[in-house]
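Each chain is listed here by its residues.
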Amino acid sequence: MFWLLAILAYLLGSLSFAILLSRLTGNPDPRMSGSGNAGATNMLRLAGRKLAILTLLGDLCKGLLPVLIAAAVGLSVQDQAWIGVCAVIGHLFPLYFRFRGGKGVATAAGMLLGLYPPAALLAVCAWLLTFYLTRTSSLAALIATPLTLPLLAWQEPAALLPMSALTLLIVWRHRGNLRDLFAGRERHF
């Protein structure tokens, strides 16, 4: 059951709501415009608030749903977390879109919401506060994601290893943003 759900999570994660919504509404491919990222932040820049919110909700749900299904069939917390990681990997490297996806932050938030809601709440609060203070989405994500690890280590240690791996993957996907942050060239809202 684990492997079946892992594959299904990857396939679900591969549905890029930013790309699909852009195609449906005649907006430019988010991978070719703005920041070049297929995610909610770039959709806000390119297509407006409504499509950005729909993208965010779709990306959240594709991280949440596989974890909830894994929990419903009785898989361990660690297995649930690895299945959630598969959904995020699908978002990062979508099968249906030539393996060029987003950065995985919203899908990871959905995964956390299914695994341990207080960690998701901590991540959302950290993201919102950082974004409010800096107006920089990438910095908010780079602070919020690792901030969940101590809480998971304390309250949900079975999810710590998968979430640590996911955190490293998200930081790696933000490597260009890190270069721009250090050089003072990162985009702000």
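Residues numbered from 1 in each chain as written. Predicted model: local features only at pLDDT ≥ 70, side-chain atom pairs only at ≥ 80, totals over all residues. Heavy atoms only, no water.

For the protein chain, an unreviewed UniProt entry supplies the name Glycerol-3-phosphate acyltransferase and the organism Pseudomonas granadensis. Of the protein chain, the UniProt comment under Catalytic activity (unreviewed entry) reads exactly: "an acyl phosphate + sn-glycerol 3-phosphate = a 1-acyl-sn-glycero-3-phosphate + phosphate". (UniProt positions renumbered as here; feature names shortened; annotations may be inferred.)

What follows is about the UniProt feature "transmembrane region" (unreviewed entry) in the protein chain. The feature "transmembrane region" (unreviewed entry), as annotated in UniProt, sits at residues 6-24, 51-75, 81-99, 111-133 and 153-172 in this numbering. Annotated as 84% helix and 0% strand, the span residues 6-24 places its first and last C-alpha atoms 28 Å apart. Structurally, residues 111-133 comprises 96% helix and 0% strand, and the distance from its first C-alpha atom to its last is 26 Å. (Helix = DSSP H or I, 4+ residues; strand = E, 2+ residues; numbered from the N terminus.)

This part covers unusual backbone geometry. Phi is positive for arginine 98, close to 55 degrees, though the residue is something other than glycine. Residue position: arginine 98 is located in the loop between helix H5 (77-92) and helix H6 (105-115). One non-glycine residue, phenylalanine 99, lies in the positive phi region at around 65 degrees. The residue phenylalanine 99 is located in the loop between H5 and H6 in this model. Taking relative accessible area as the criterion, phenylalanine 99 reaches 45% and is therefore assigned partly exposed. (Buried < 20%, exposed > 50% of the residue type's maximum accessible area, 1.4 Å probe, protein only.)

Ranked by size, the top nonpolar core spans 22 residues in total, and within it Met111, Leu112, Leu115, Leu152, Met163 and Leu166 carry the most contacts. Contributions of two or more residues to this core are made by H5, H6, helix H7 (117-134), helix H8 (137-155) and helix H9 (160-173). Sequence-distant contacts of methionine 163, defined by excluding residues within four places in its chain, comprise Met111, Leu112, Thr145, Thr148, Leu149 and Leu152. Leu5, Ala6, Ala70 and Ile83 belong to the second largest nonpolar core, which has 9 residues in total. (Core = buried A, V, L, I, M, F, W, Y, C linked by side-chain atoms within 4.5 Å. Contact = heavy atoms within 4.5 Å.)

Tallied over the full model, the rule gives 2 aromatic pairs. Ring geometry for phenylalanine 2 and tryptophan 3: centres 5.0 Å apart, planes at 85 degrees, overall edge-to-face. We note arginine 173 situated over the ring of phenylalanine 93; from NZ or CZ to the ring centre the distance is 5.1 Å. We note arginine 175 situated over the ring of tryptophan 172; from NZ or CZ to the ring centre the distance is 4.0 Å. (Phe/Tyr/Trp six-rings, centres within 6.5 Å; stacked < 30°, edge-to-face > 60°. Lys NZ or Arg CZ within 6 Å of the ring centre and 35° of its normal.)

Counted according to the given criterion, the structure contains 3 salt bridges. Aspartate 29 is the salt-bridge partner of arginine 31, the closest N and O atoms lying 2.7 Å from each other. Look at arginine 31 and you get buried, because its relative accessible area is 11%. Its salt-bridge partner being aspartate 180, residue arginine 185 comes within 3.0 Å of it at the nearest N-O pair. (Salt bridge = Lys/Arg side-chain N within 4 Å of Asp/Glu carboxyl O.)

Another point: the packing of helix H4 (residues 49-72) against H5. Where H4 contacts H5, the two axes come as close as 8 Å, and the packing angle between them is 150 degrees. Of the possible angle classes, the one that applies to H4 and H5 is roughly antiparallel. Along this stretch, H4 crosses H5, giving a crossing that reads as right-handed. Contact residues: Asp59, Lys62, Gly63, Pro66, Val67, Ala70 and Ala71 in H4; Gln80, Ile83, Gly84, Ala87 and His91 in H5. By residue class, the composition of the contact of H4 with H5 is 6 nonpolar, 4 polar and 2 charged. (Axes fitted to C-alpha atoms, helices over the stretch in contact; angles between N-to-C directions. Parallel < 35°, antiparallel > 145°, perpendicular 65-115°, else oblique. Left-handed = near helix turned anticlockwise from the far one by under 90°. Nonpolar A, V, L, I, M, F, W, Y, C, P; charged D, E, K, R; others polar.)

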